[in-house]
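What follows is the residue order along each chain.
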Amino acid sequence: MQTEGTTKNDFSKGSIIGNIMSLAVPMTLAQLINVLYNIVDRIYIGRIPEHATLSLTGLGLCLPIISMVIAFANLFGMGGSPLCSIERGRGNVDEAERIMGNSFCLMLIFGVILTALGLILKRPMLYLFGASDQTFPYADSYVSIYLLGSIFVMIGLGMNSFINSQGFGKIGMLTVLLGAVSNIILDPVFIFVFHMGVQGAALATVISQGLSALWIFRFLTGPRTILKLRRSCMRLERERVRNIVSLGFSGFTMAITNSLVQIMCNATLQTYGGDLYVGVMTVINSVREVVSMPVQGITHSAQPVMGFNYGAGEYKRVKQAIAFTSAAAIGYTTVVWLLVHGFPEFFIRIFNQDADLVAAGIPAMQIYYFGFFLMSLQFSGQAVFVALGKAKRAIFFSIFRKVVIVVPLTWLLPRLWGLGTSGVFAAEPISNLIGGLACFGTMLVTVLPELNKGVKQP
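Residues numbered from 1 in each chain as written. Predicted model: local features only at pLDDT ≥ 70, side-chain atom pairs only at ≥ 80, totals over all residues. Heavy atoms only, no water.

K.L.:
An account of the overall build of the chain is needed here, citing residue identities and associated values.
P.N.:
Tallying secondary structure elements over the chain gives 18 helices and 0 strands in all. For a compact globule of 458 residues, the expected C-alpha radius of gyration is about 23 Å, and the chain comes in at 21 Å, within 12% of that figure. Viewed in the frame of its principal axes, the chain has a C-alpha envelope of about 65 × 45 × 35 Å. Long-range contacts, defined here as pairs at least 24 residues apart, represent 83% of the contacts in the chain between residues at least 6 apart. The averaged location of the 21 negative side-chain charges in the chain is 10 Å from the averaged location of its 32 positive side-chain charges. (Helix = DSSP H or I, 4+ residues; strand = E, 2+ residues; numbered from the N terminus. Rg over C-alpha atoms; globule rule 2.2 N^0.38 Å. Contact = heavy atoms within 4.5 Å. Lys, Arg positive; Asp, Glu negative; His and termini not counted. Charge placed at Lys NZ, Arg CZ, Asp CG, Glu CD.)

See below:
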C-alpha cells in the first residue's frame with residue numbers, strides 16, 4: 001500500500017521524458033546558477049586593475065581544495081538521495097527520512113573536520129598544487145576564508161540533492177538562485193568598493209552559500225516537503241551510513257579524482273609553462289564548469305526518476321529513461337564541442353583579457369575539448385549505475401578514467417616528442433575516448449539484460 005509520500009511526485013506515472021524534463025529544466029538552471037558561485041569570482045577577479053592574471057591563477061590553485069569539499073558533499077548527498085528515491089518508490093517513507101537525517105549529520109561532522117584540516121595544511125598543499133612565490137599570497141587569501149564556510153558548501157550542495165530527489169526541482173533551483181544572486185551582488189562590492197580583492201571574492205561566496213544552506217534547512221523542516229529533516233532521524237546507524245557512503249563513493253571519487261587531476265595538471269604546467277599556463281588551465285576549467293552543467297543537469301535529474309521506477313519494478317520505464325538521457329547528453333556535448341573549437345577566444349575572454357594568456361589559451365582549449373561528446377558517455381553510464389544503486393561499478397569507472405588514464409598521461413605526454421604543455425591538455429580527450437566508451441559499453445551489456453529479464457542484480 002502506497003503512502004502519501006510515494007503517491008506525490010510519483011515518477012512511475014506519466015511520460016518518462018516528461019518526468020525527467022520536469023526535473024531537468026529547473027535542475028539544469030540550478031546547476032548553471034550554482035556554477036556562478038565560483039565562476040563569477042573568476043570573472044570579477046580577472047578584471048581587477050592590478051595583478052589580474054596572478055590573482056586569477058592564485059584562485060585556480062585553490063580549485064583542488066574546493067573540489068575536495070565538493071567531494072564530501074557528493075559523498076553524502078549523491079549517496080543518500082538515490083537511496084531515498086528507491087525507498088520512496090518502495091513506499092518506505094520512514095527509512096527515506098532516516099537516510100536523509102543521517103546524511104545531514106555526516107555533512108555537519110565532516111564540514112567541521114575539513115575546515116580544521118584545510119586551515120592547518122593549506123600552505124604545503126598550495127605549493128604542492130603548483131603555487132609559486134608570486135601566486136601563493138593570492139591563493140592563501142582566498143582559500144583561508146573559503147574554508148571557514150566549508151560547512152555551508154556541504155549543506156548547500158549535498159542537501160539540495162534531497163530536495164531534487166523528491167521532485168521539487170523548482171525549489172532546488174531557487175536554492176542556488178538565492179546564493180548565486182547574492183554572490184553576484186556582493187562580489188563587486190567586496191572586490192572593488194571595499195578593495196578586498198580575492199579575499200572579497202571568497203567572503204562573498206561564503207555568505208552566499210550560508211544563505212543557501214539556511215534556505216534548504218527551512219524547506220526540509222517545513223510543511224511543503226515530502227520527507228522531513230527530523231532530529232530523531234539524525235542518529236547515525238552503522239548499516240545505513242555504510243549504504244550511504246558505499247553509493248556516494250562514486251560521486252566522491254569523481255570529485256576527489258578531479259582534484260587529483262587538477263593538482264597534476266597545475267604542477268606539470270608550472271614545470272613546463274610557468275604561471276601563465278596555470279592561468280590558462282584555470283580558464284579552461286572555468287569554461288568546462290559552465291558547459292558541463294547542462295549535461296550533468298540532465299543525467300542527475302534522470303537519477304531519481306530511474307531510481308524510483310527501479311524500486312517500483314517498472315523496468316521498461318527505466319530503459320526509456322536511459323535511452324533519452326544518453327541521446328540528450330550526446331547531442332548537447334556534440335554542439336558544445338563545435339562551439340568551443342570554433343570560437344575559443346570568445347570563451348577565454350570571458351575570464352581574462354591578457355593578450356599572452358589568450359594567445360596561449362586558444363590552441364590549449366582546442367586540444368583539451370577535442371571530441372568532447374565522448375565525455376557524455378561517461379556521464380550517462382555513471383548516472384545509470386548510481387541511480388540503480390550499483391555502487392561498485394560506478395566507483396570503478398570514476399577511478400578508471402581519472403586515476404588510471406588521465407593522471408599517468410598528464411605526467412607522461414609532456415615528456416614525449418617535445419609536447420610540453422600540449423601534452424597536458426591532450427590527456428583529457430584521450431581519457432574521454434577510452435573511459436567514456438568503457439563506462440557506457442559496460443552499462444549497456446550489464447544493466448540492459450537485467451532490465452529485460454526483470455530481475456535485479458547486485
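K.L.:
Tell me about the nonpolar core, and please be specific about residues and values.
P.N.:
Core analysis: the largest hydrophobic core is formed by 97 residues, its most contacted members being Tyr 142, Met 159, Ile 284 and Tyr 369. Excluding residues within four positions of it along the chain, Met 159 makes contact with Met 100, Phe 104, Met 107, Met 154, Ile 216, Leu 220 and Leu 229. (Core = buried A, V, L, I, M, F, W, Y, C linked by side-chain atoms within 4.5 Å. Buried < 20%, exposed > 50% of the residue type's maximum accessible area, 1.4 Å probe, protein only.)

K.L.:
Give me the pattern of salt bridges: which residues, what numbers.
P.N.:
Tallied over the full model, the rule gives 9 salt bridges. Residue Arg 98 pairs with Asp 94 through a salt bridge whose shortest N-O separation is 3.3 Å. Pair noted here: Arg 98 and Asp 94 are both in helix H5 (residues 93-128), with a separation of 4 residues, about one helical turn. We classify Asp 94 as partly exposed; its relative accessible area is 44%. Between Lys 122 and Asp 140 there is a salt bridge, and its shortest N-O distance comes to 3.2 Å. Within this pair, whereas Lys 122 is found in helix H5, its partner Asp 140 is found in helix H6 (residues 136-148), the two being separated by 18 residues in sequence. Each of Arg 288, Arg 401 and Glu 428 takes part in salt bridges that share partners, so that together they form one network. (Salt bridge = Lys/Arg side-chain N within 4 Å of Asp/Glu carboxyl O.)

K.L.:
Provide a residue-level description of a nonpolar patch on the surface, including the pertinent values.
P.N.:
Among the surface-exposed residues, Leu 174, Leu 177, Leu 178, Val 181, Ile 185, Ile 207, Leu 211 and Trp 215 lie close enough to one another that they form a single nonpolar patch of about 600 Å² accessible area. Among the elements of the structure, helix H9 (169-193) and helix H10 (197-220) are those that each provide at least two residues to the nonpolar patch. The greatest single-element share of the nonpolar patch, amounting to 5 residues, is contributed by H9. Residue position: Ile 185 is located in helix H9. Using a relative accessible area of 53% as the deciding quantity, one classes Ile 185 as exposed. (Patch = residues over 30% accessible without salt bridge, like charges linked within 9 Å, V, L, I, M, F, W, Y side chains within 5 Å. Areas by Shrake-Rupley, 256 points an atom, 1.4 Å probe, with all protein chains shown as cover.)

K.L.:
With reference to specific residues and values, describe the confidence of the model for the chain.
P.N.:
Mean pLDDT for the chain: 83, with 90% of residues reaching 70 or above. Across residues 1-7, confidence stays below pLDDT 50; counting only partners more than four residues off in sequence or on other chains, it has 11 contacts. (pLDDT = per-residue confidence, 0-100.)

K.L.:
Tell me about the packing of aromatic side chains, and name the residues and values.
P.N.:
Evaluated as defined, the whole model comprises 19 aromatic pairs. Between Phe 168 and Phe 219, the aromatic rings sit 5.4 Å apart at their centres with planes inclined by 75 degrees, giving edge-to-face as the arrangement. Here the residue Phe 168 occupies a position in the loop between helix H8 (160-165) and H9, and Phe 219 occupies one in helix H10, the gap between them amounting to 51 residues. A relative accessible area of 9% means that Phe 219 is categorised as buried. By way of ring pairs, the aromatic residues Phe 72, Phe 76, Phe 110 and Phe 252 are connected into one cluster. Taking the ring centre of Phe 136 as reference, the NZ or CZ of Arg 123 above it sits at 4.8 Å. (Phe/Tyr/Trp six-rings, centres within 6.5 Å; stacked < 30°, edge-to-face > 60°. Lys NZ or Arg CZ within 6 Å of the ring centre and 35° of its normal.)

K.L.:
Kindly report on the environment of Val 181, identifying the contributing residues and their values.
P.N.:
Checked against the element boundaries, Val 181 lands in helix H9. It is 27 Å that separates the C-alpha atoms of Val 181 and Leu 227, two residues lying 46 residues apart in sequence.

K.L.:
Residue-level account of the packing of H5 against H6, with values.
P.N.:
Packing of H5 against H6 leaves a shortest axis separation of 9 Å and a crossing angle of 170 degrees. On the basis of the axis angle, H5 is roughly antiparallel to H6. Facing Leu 114, Thr 115, Gly 118, Leu 119, Lys 122, Arg 123, Leu 126 and Tyr 127 of H5, the residues of H6 in contact are Phe 136, Ala 139, Asp 140, Val 143, Ser 144, Leu 147 and Leu 148. Split by residue class, the contact of H5 with H6 holds 9 nonpolar, 3 polar and 3 charged. (Axes fitted to C-alpha atoms, helices over the stretch in contact; angles between N-to-C directions. Parallel < 35°, antiparallel > 145°, perpendicular 65-115°, else oblique. Nonpolar A, V, L, I, M, F, W, Y, C, P; charged D, E, K, R; others polar.)

K.L.:
For the packing of H6 against H10, give the residues involved together with the corresponding values.
P.N.:
Orientation of H6 relative to H10, taken along the N-to-C sense of each, is 20 degrees, at an axis distance of 8 Å. Comparing the axis directions of H6 and H10 gives the class roughly parallel. Crossing hand, H6 versus H10: right-handed. On H10, the residues that touch Tyr 138, Ser 141, Tyr 142, Ile 145 and Tyr 146 of H6 are Val 198, Gln 199, Ala 201, Ala 202, Leu 203, Thr 205 and Val 206. Taken together, the residues of the contact of H6 with H10 break down into 9 nonpolar, 3 polar and no charged. (Left-handed = near helix turned anticlockwise from the far one by under 90°.)

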